[in-house]
Amino acid sequence: MSWIIAPEPFDSPVAAALWRAYYTEVSDRWYLLHEGRRTDPDELEREIAADTGDYLAPPGGVLLVARHDGRPAGTAGIRLMDPATAELKRVFVHPDVRGKGGAPLLVTAAEDAARALGAEQMVLDTRGDLVEARALYARLGYEETAPYNDNDYAEHWFAKRLT
């Protein structure tokens, strides 16, 4: 079994399908935790459509797609916030291939892409209930930091020096 990670247009059908899978999972997790229900289908459609991911397009961004044995299985994106700082976005691995090494490969590839764009630091935000993500970032050398944005759903902020 092998992983291949490569840039993908943010608006490709593959990217759209992975964005839908990612958003559905994190939204359902939030609503199940806080309201005991899954995401309302109409709200899900609105939110997926509202975040086009255009900030993951060159020249200031990159969307990476991981393929496991040729099948699209995950994403990681970066966007430059300023010339020295990139933000890690949309890190996702399909549940059926989790635990097979894809997430660390995606984050490392995103760090390489950020360096190629001149970034010296990577930042990210995440939620408290996404414990797997927080553990991954800590394992890869990210440290919790003060908030750098006012994202309503962010509860933890991380940073890592890339240089």
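On a predicted model such as this, the values are computed, not experimentally measured, just so you know. (Residues numbered from 1 in each chain as written. Predicted model: local features only at pLDDT ≥ 70, side-chain atom pairs only at ≥ 80, totals over all residues. Heavy atoms only, no water.)

1. Focus on the sheet that holds strand β3 (residues 71-82)
Our working definition: The rule for pairing is simple: two strands pair if DSSP sees at least two bridges between them. Segments assigned H or I by DSSP are reported as helices when at least four residues long, segments assigned E as strands when at least two residues long, and all are numbered from the N terminus. Each axis is a line fitted through C-alpha atoms, and for a helix only the stretch in contact is used; angles between axes span 0 to 180 degrees, taken between their N-to-C directions. A contact between two residues is defined here by any heavy atoms of the two lying within 4.5 Å.
Spatially, β1-β2-β3-β4-β5-β7-β6 is the arrangement adopted by the seven strands of the open sheet, whose pairing is mixed. Of all the strands in the sheet, just β1 (3-7) and β6 (143-145) have a single pairing partner and so form its edges. Pairwise comparison of adjacent strand axes, ignoring direction, gives a mean angle of 30° for this sheet. On the sheet, helix α1 (residues 13-35) packs against β2 (61-68), β3 and β4 (85-93) and is oriented at approximately 80° with respect to β4. Packed onto the sheet, helix α3 (residues 102-116) meets β1, β2, β3, β4, β5 (121-126) and β7 (156-161) and runs at close to 155° relative to β4.

2. Details of the pairing of β4
Basically, it comes down to this: Note on exposure labels: buried denotes an accessible area under 20% of the residue type's maximum, exposed denotes more than 50%, and partly exposed covers the range between, all computed with a 1.4 Å probe on protein chains only.
Extensive coverage of β4 is indicated by the burial of eight of its nine residues. Relative to β4, β3 is paired through seven bridges, and the arrangement is antiparallel. Each bridged residue has a counterpart across the sheet, and for Ile78 the counterpart in β4 is Leu88. Hairpin connection between β3 and β4: a loop of two residues separates the two successive antiparallel strands.

3. A closer look at the environment of Lys100
Mapped onto the elements of the fold, Lys100 is located in the loop between β4 and α3. On the basis of relative accessibility, which here comes to 40%, the residue Lys100 falls in the partly exposed class. With 32 residues separating them along the chain, Lys100 and His68 place their C-alpha atoms 9.2 Å apart.

4. Re the environment of Gly77
With respect to the helices and strands, Gly77 occurs in strand β3. For the pair Gly77 and Phe10, spaced 67 residues apart in sequence, the C-alpha separation works out to 9.0 Å. Discounting chain neighbours no more than four positions away, the residues touching Gly77 are Leu56, Val62, Leu63, Glu87, Leu88 and Lys89.

5. Description of the packing of α1 against helix α2 (residues 41-50)
Quick note on the threshold: The labels follow the angle: roughly parallel below 35 degrees, roughly antiparallel above 145, roughly perpendicular from 65 to 115, and oblique for the rest. Take the far helix as the reference: if the near one is turned anticlockwise from it by less than a right angle, the crossing is left-handed, and if turned clockwise, right-handed. Three classes are used, and their members are as follows: Ala, Val, Leu, Ile, Met, Phe, Trp, Tyr, Cys and Pro are nonpolar, Asp, Glu, Lys and Arg are charged, and the others, Gly among them, are polar.
Running from amino to carboxyl end, α1 crosses α2 at an angle of 130°, the nearest separation of the two axes being 10 Å. Considering their axes alone, α1 and α2 lie oblique with respect to each other. Here α1 and α2 pass one another in a crossing that is right-handed. Contact residues: Trp19, Arg20, Tyr23, Thr24 and Tyr31 in α1; Glu43, Leu44, Glu45, Glu47 and Ile48 in α2. Here the residues of the contact of α1 with α2 sort into five nonpolar, one polar and four charged.

6. Observations regarding the packing of aromatic side chains
This is how it is decided: Classification of ring pairs rests on two measures: the distance between centres of Phe, Tyr or Trp rings, Trp counted by its six-membered ring, which must be within 6.5 Å, and the angle between planes, read as stacked under 30 degrees, edge-to-face over 60 and tilted in between.
For the structure shown, the criterion picks out seven aromatic pairs. For the pair Trp19 and Tyr22, a centre-to-centre distance of 5.6 Å together with 25° between the ring planes defines the contact as stacked. Of this pair, Trp19 and Tyr22 both sit in helix α1, separated by three residues, roughly a single helical turn. Here Tyr22 falls in the buried class, since its relative accessible area comes to 18%.

7. Looking at the nonpolar core
Counted only if it meets this: Nonpolar core, defined: a set of buried Ala, Val, Leu, Ile, Met, Phe, Trp, Tyr and Cys residues in which side-chain atoms within 4.5 Å join the residues together.
Core analysis: the largest hydrophobic core is formed by 38 residues, its most contacted members being Ile78, Leu88, Val107, Met122, Tyr137 and Tyr142. Of all the secondary-structure elements, those providing two or more residues to this core are α1, α2, β2, β3, β4, α3, β5 and α4 (131-139). Counting residues per element, this core draws most heavily on α3, at six residues. Setting aside chain neighbours within four positions, we find Ile78 in contact with Tyr55, Leu56, Gly60, Gly61, Val62, Glu87, Leu88, Ala110, Ala113, Ala114, Leu117 and Met122.

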